[in-house]
Structures are given as structure tokens and as C-alpha cells.
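Tertiary structure, described
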Amino acid sequence: MSNAISLATTTMNKQHILNRPEPDLNAIELSAINNIEWDEALITKYNVSGPRYTSYPTALSFQPNYSADDVQHAINNSANNTLSLYIHIPFCHQLCYYCGCNKVITRHQHKADQYLDFLIEELTQQAPNFSHYTINQLHFGGGTPTFLTDEQMIRIMKAINAAFTLHKTAEVSIEIDPRSLRPSSLCLLKKLGFNRISIGIQDFNPDVQQAVNREQSYEQIAALFEQARALQFDSVNADFIYGLPHQTPESFKKSIDMLLDLSPDRVSVFNYAHLPERFAAQRKIDSHALPSPSHKLMMFKNTIQQMTQAGYQYIGIDHFAKKDDSLAIAQRKGNLHRNFQGYTTLKDSDLLGLGVSSISQIGSSIFQNEKQLKHYYKKLNEDASAVTVGLNLSKDDRIRAAVIKSLLCHSVLSMRKIEEQFNINFEQYFSDSLASIQPFITDELIQIIDRSIYITNKGRLFARMICTAFDAYISNTAQQQRYSRIL
Ligand SMILES: C[S@@+](CC[C@H](N)C(=O)[O-])C[C@H]1O[C@@H](n2cnc3c(N)ncnc32)[C@H](O)[C@@H]1O
Ligand code: SF4
């Protein structure tokens, strides 16, 4: 049975589609973007597993033995001249049982000194290759970047500033675990040039926190938000997860309301990926305490409703932003992009990932560093490069990547634009894909109007699944079950 959750009527969005045979994404209204239709029968039918498409092809398709020469070739052939830098700090003090990130749990602070030795060596080696680039983004992710002491943080930032010149308007962001933050840390981060922070919260409910071994009080987090606002960080964001043990639709609703009181600029509400066979720590979670699939869905449905009613824009997948946030504006203007860090406003930017497990995307190449710390150290020692796997995108990969990006960022795909960009005949090139999306047309997840494919209000929740119809790898490799469920 169809059950609309909306700020506006469905008609408004249909109107919006019908009035625009050729996608002109300027000035799309928030109400049209937020008008998500929730259809239980379609969810039962289409809630499959699928990639989050932070890249196409995804990391599962990377090939071994990607060499330093391949990397150099990618850099030499890239037509881009802006760069986003990603720095991975893998350490955490304590294990959160749900965690699927690349991390190393340790209490030994000195391990980070050794890590910084290698990281600084890596970035110093790489920097000359990018001297002609403008660096418009620097992001610290993890693990927990705030594992670093003040001295360690100063050391790495000095090294980055010595090797690269950050543009004065660059977004400089960091992921923060509130439990690892010392009172002076936020001040220091501001002084070092950070202007955006992302706070790992997951849930405010003490029972949930205890079950996942991550206890942090609401007061602690509220104080952090207050301090970040007082220090005038441009953007204060939050991570939540739905599907954790002991969560109920009621308890999660309350936690989201508490979060909204703090007025974060952007919010990620991740679907908990419970894969205990892949992540040993998750075996510590009592599977009987996990919410049922129907309760999980209710949590996400409520979240969309709460966030959109509070004036946030549903960007897509697991992402929300305040309507005047740059990400939300970019989506309404048709300038949204997607890379390994998720949705972004940066267009045609290369991404250089430094540190263990980091992924880079340079021109038409994607490559990844060694994923285990000891291998990362060994590879850097032996080869002066930590890159181990990667892929040079073929023309077919680039065409499909453009199709998937357009659908995920803007819920629309102009066949004409893809034809102009890649000199193909869309209908011929994608005859198999167009045949496989017929059921989505029947079920009104998409509409094709004047050679543009529009994801409808009903289809927005299934955007990842719709994209798999244009993915040449997913059917070949039967890797689908390795991805998380879309809802
Ligand atoms: C690197 S952590 C954020 C920084 C810091 N380590 C922290 O936990 O506060 C990135 C985010 O990934 C999400 N995450 C981790 N494991 C997950 C899982 N199994 N399923 C869904 N989201 C997960 C959490 O929301 C977490 O905040
Ligand atoms: S969620 Fe964050 S703090 Fe917890 S183990 Fe994962 S990376 Fe570390």
C-alpha cells in the first residue's frame, strides 16, 4: 500500500517532471526534492543489496599489482587541476562493536608517531606531482583522527602545509569521536585551519550505546556542538546509524529529535551493515537484540520525515543537509557530485588519498593503498609507494560512471547529454540496461520522458538499485551480496 511522506504533494513533483522534458536542474524546489513516497510493497520487492557507488567501478573491482608507474601515468594524464586530499588516521582507543571501518585499536599513543613518520614520507614523495594543482579540500578520516595528540596533530598539519599549498577557501574537515577529544582540542583544530567537523554519535540511547561499547552522554555532545559554534566552524555535522541493537522506532525517533535540537548542518544516517562473518567485532553484538527488518525500515522512514519536516534536504541514500548548506544548494542547482567521501560540491577534482587503505581517484584511474598497517609500512619501505590495487577506467567505465553519478546526484539522466559527452547512441549502447529497467517503469520508480530518465518520488529510495541496471560489473561478478542492503 502506498503511503506518502511528504512536505508537498506528489503532484508537485510530477508537475516538475512534466514541465521539464530536457533536464534543467536550476532552481529545483526543496519541496520537490523532499517529496519521497514510501511504498511498502515496493520496498518488499526491491530492498536488495547494492553498492553505494562512491565510485564506479567500485573498490571490489580493483585489480592487483597496480604499480607506481601506473600511478605516475594517471597523474600525467589527468586533465584536472584541483585536488582534494584525504588523510587516513587508522587508530582508535576503543572498539565499537558495530564498526566496519579500517581501524587499529590501541592504547599506545606512540604507534601514531611511527605512523606519522610513514605518512609524512608518503605525502612528501607525492606532493611534487601535484604542484600545479589547487588544493581545495583536505579531509581527515579514520579510524579516529582525533586519536592524535595535539603535538601529533600539529606535526602532520605542518608537514601537509610544507608539502602542499591549500587554497584560502579550502574546506578543511575532520571526523571527531567526542570521547577522544580533549577540552583544548577543538581550539587547536580551529587554529590549524580546520573549518568543518563531523561528529560520530550513532545514537543517544544509553542501552544502545552500552550494547555497542560506545558510551557518550548527550551533555558531552551538546557541549561539543556549543563549543564548535562558538569557535565559528563553518559546518558541524553528525553521523548516526539505524539498525543497532536495542534500537526501536520510538527510541530512535527520540534520538533524532535530540539531534535536531543541536541543529547539525549535515547528517549521515547510515544503515547498519551487520556482516559478522567479515567484521569479527560484530560477533560481540547479540543478533537477537537487533531490530527486525520492519522496525529498521520504520526508523528510516521516520528519520526522513523528521529531517525533512525540520527543513533539511534529503540529498540521497543516507545523507541530509540543511537547505541553505552548500551541498543542498548544489543539488538544487544541478552541481552535485559524488566521490569516495560521498556527496560533494567539488567538480572535476582529483582525489589523493594518503595513509593506510586510502583510495585515490586521479583522472581516469582509481587506486588504493595497502589496507593493513604492517603491509603499508613494508610497501612504502620497499617501493616508495603504498599503492597496491587499482584500475584504469575504460571508456565504458567512464560512460557508466557518468550515468550513475547523474542518477544518484540528481535523480535524472539525459540520454542526449551522455551521447554528446561520449559520442555514442544511448539506446543502442544501453539496450540491455533499458530492457532491464522496464519493470521499474511499470512499478513507477522511473519515468522516461523525451529521452530523459527521471527517478520518481517512489523511486528515490531505490536509486542505488536502479543504478545497478547500468553497472557492468555487478552481474558479471555476482558480488551483490557483498554490499549492504539499500534500506
Ligand atoms: C570513521 S567513523 C567516524 C569517526 C570516529 N571514528 C567515530 O567513530 O566517531 C565513520 C562512521 O562510519 C559509520 N559506521 C561505522 N561502522 C558502520 C557500520 N558497520 N554500518 C554503518 N555505519 C558504520 C559510523 O557512523 C561512523 O561514525
Ligand atoms: S566507529 Fe569510529 S571510534 Fe568506533 S571503532 Fe569505528 S572508527 Fe573507531
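Coordinates for the structure precede this section.
What comes next is a walk through the structure. (Residues numbered from 1 in each chain as written. Chains lettered and ligands numbered in written order. Predicted model: local features only at pLDDT ≥ 70, side-chain atom pairs only at ≥ 80, totals over all residues. Heavy atoms only, no water.)

**A short note on the state of the cysteines**
If you walk through the whole model with that rule in mind, you get zero disulfides. We note that Cys409 lacks a disulfide partner, and the nearest cysteine sulfur, in Cys467, lies 9.3 Å from it. Note on Cys409: relative accessible area 1%, which makes it buried. (Disulfide = S-S within 2.5 Å. Buried < 20%, exposed > 50% of the residue type's maximum accessible area, 1.4 Å probe, protein only.)

**Points about the site of ligand 1**
Taken together, 20 residues lie around ligand 1, and Tyr98, Gly143, Gln202, Arg214 and Asp239 are the ones closest in. A distance of 2.8 Å is found between a nitrogen atom of ligand 1 and a backbone nitrogen or oxygen belonging to Gly143. One nitrogen or oxygen atom from the side chain of Thr144 is found 3.0 Å from a nitrogen atom belonging to ligand 1. Against a free-state accessible area of 570 Å², the protein chains account for coverage of 89% of ligand 1. For the shell around ligand 1, the secondary-structure elements that each account for two or more residues are strand S7 (166–176), strand S8 (196–202), strand S9 (235–242) and strand S10 (266–271). A class-by-class count of the residues in the shell around ligand 1 yields eight nonpolar, eight polar and four charged. (Near = heavy atom within 4 Å. Polar contact = N/O pair within 3.5 Å; in protein donor to acceptor, adjacent residues only side chain to side chain. Areas by Shrake-Rupley, 256 points an atom, 1.4 Å probe, with all protein chains shown as cover. Helix = DSSP H or I, 4+ residues; strand = E, 2+ residues; numbered from the N terminus. Nonpolar A, V, L, I, M, F, W, Y, C, P; charged D, E, K, R; others polar.)

**Some thoughts on the packing of aromatic side chains**
Following the criterion strictly, the structure yields 21 aromatic pairs and no others. Ring centres of Tyr66 and Phe367 lie 5.6 Å apart, and the angle between their planes is 15 degrees; on these two criteria the pair is classed as stacked. Within this pair, whereas Tyr66 is found in the loop between helix H3 (40–46) and helix H4 (68–77), its partner Phe367 is found in strand S17 (residues 365–369), the two being separated by 301 residues in sequence. Aromatic rings pair up to connect Phe91, Tyr115, Phe118, Phe147, Tyr376 and Tyr377 into one cluster. Directly above the ring of Phe233 sits Lys190, whose terminal nitrogen or CZ lies 5.8 Å from the centroid. (Phe/Tyr/Trp six-rings, centres within 6.5 Å; stacked < 30°, edge-to-face > 60°. Lys NZ or Arg CZ within 6 Å of the ring centre and 35° of its normal.)

**Section: the pairing of strand S16 (residues 359–362)**
Both S16 and S17 contribute to a ladder of four bridges, which runs antiparallel. The residue bridging Gln361 from the neighbouring strand is Ile366, located in S17. The antiparallel hairpin formed by S16 and S17 contains two residues in its connecting segment, where Gly363 sits at a positive phi of about 55 degrees. (Pairing = 2+ DSSP bridges.)

**Some points on unusual backbone geometry**
Residues Tyr56 and Pro57 are joined by a peptide bond in cis, for which omega reads -5 degrees. The backbone of Asn65 sits at a positive phi, close to 60 degrees, despite the residue not being glycine. Relative to the helices and strands, Asn65 is located in the loop between H3 and H4. A relative accessible area of 69% means that Asn65 is categorised as exposed.

**Some details on the pattern of salt bridges**
A full pass over the atoms with the stated rule returns 18 salt bridges. Where Asp348 meets Lys347, a salt bridge forms, and the shortest distance between an N and an O atom there is 3.3 Å. The closest approach of N and O atoms between Arg416 and Asp450, which form a salt bridge, is 3.8 Å. Taken as a pair, Arg416 in helix H15 (residues 415–422) and Asp450 in the loop between strand S20 (446–449) and strand S21 (452–455) lie far apart in primary sequence, 34 residues in all. What emerges from the salt-bridge pattern is a single network uniting Asp177, Arg179 and Arg214. (Salt bridge = Lys/Arg side-chain N within 4 Å of Asp/Glu carboxyl O.)

**Things to note about the sheet that holds S21**
Taken together, the three strands give an open sheet; going across it, the order is S19-S21-S20, and neighbouring strands pair in antiparallel fashion. Only two strands of the sheet have a single neighbouring strand rather than two, namely strand S19 (412–414) and S20. Sheet twist, expressed as the average angle between the axes of neighbouring strands with direction ignored, equals 15 degrees. Relative to S21, S19 is paired through three bridges, and the arrangement is antiparallel. Residue pairing across strands places Leu413 opposite Ile453, the latter belonging to S21. The sheet contacts of helix H14 (residues 395–410) involve S19 and S21, and relative to S19 the element is tilted by about 140 degrees. The strands touched by H15 within the sheet are S19, S20 and S21, with S19 carrying the most contacts at an inclination of about 50 degrees. (Axes fitted to C-alpha atoms, helices over the stretch in contact; angles between N-to-C directions. Contact = heavy atoms within 4.5 Å.)

**A closer look at helix H6 (residues 150–163)**
In this model H6 runs 20 Å from its N-terminal to its C-terminal C-alpha over 14 residues, within 8% of the 20 Å that 1.5 Å per residue would give. Those residues of H6 that sit buried are Asp150, Gln152, Met153, Ile156, Met157, Ala159 and Ile160. Its buried side turned inward, H6 meets strand S3 (82–89), helix H5 (110–126), strand S6 (134–142), S7 and helix H7 (185–191). (Expected span 1.5 Å × (residues − 1).)

Function cannot be inferred from these measures alone, as they are strictly geometric.
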